[in-house]
Amino acid sequence: MRKTKRSVNFFLCLLFNMLLNPEGAVVAAVLLGLHFWLGISLWWTFLALGLWLAGLILWMLFIGWARDCGDEPDPVRENKNPYSSKKYPK
């Protein structure tokens, strides 16, 4: 099976994950609203965004690592079925 370049695939999956998991962006939007409303520090918004992105990236790296663990080809085994053997005359 043809594999694509990892960097392009990684950022495309990251964008897709960001669209599927918007709860971190919602928290950051609430904190941004609180910044304008109550005057809390803007760093809390950046911290929430950073933690959300770091969590998504770590999860994607873990899933990629788990996918790579199963890439070993199956060992060649002896065919024990006498009817499917090439030696069997028709």
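Right above here is the structure, for reference.
Parameters and conventions
Residues numbered from 1 in each chain as written. Predicted model: local features only at pLDDT ≥ 70, side-chain atom pairs only at ≥ 80, totals over all residues. Heavy atoms only, no water. Core = buried A, V, L, I, M, F, W, Y, C linked by side-chain atoms within 4.5 Å. Buried < 20%, exposed > 50% of the residue type's maximum accessible area, 1.4 Å probe, protein only. Helix = DSSP H or I, 4+ residues; strand = E, 2+ residues; numbered from the N terminus. Contact = heavy atoms within 4.5 Å. Expected span 1.5 Å × (residues − 1).

Q: Describe the nonpolar core, with residues and values.
A: The biggest cluster of nonpolar side chains holds 5 residues, and these are Phe10, Leu14, Trp52, Leu56 and Met60. Elements with a minimum of two residues in this core: α1 (6–20) and α3 (43–69). With 3 residues, the top contributor of residues to this core is α3. The residues contacting Met60, other than those within four sequence positions of it, are Phe10, Cys13, Leu14 and Asn17.

Q: Which residues make up helix α2 (residues 23–38), and what are the values?
A: Between its first and last C-alpha atoms α2 spans 22 Å; for 16 residues at 1.5 Å apiece the expected length is 22 Å, and the two agree. Residues of α2 that are buried in the fold lie against α3. Within two residues after α2, Gly39 carries a phi angle of roughly 80 degrees, on the positive side.

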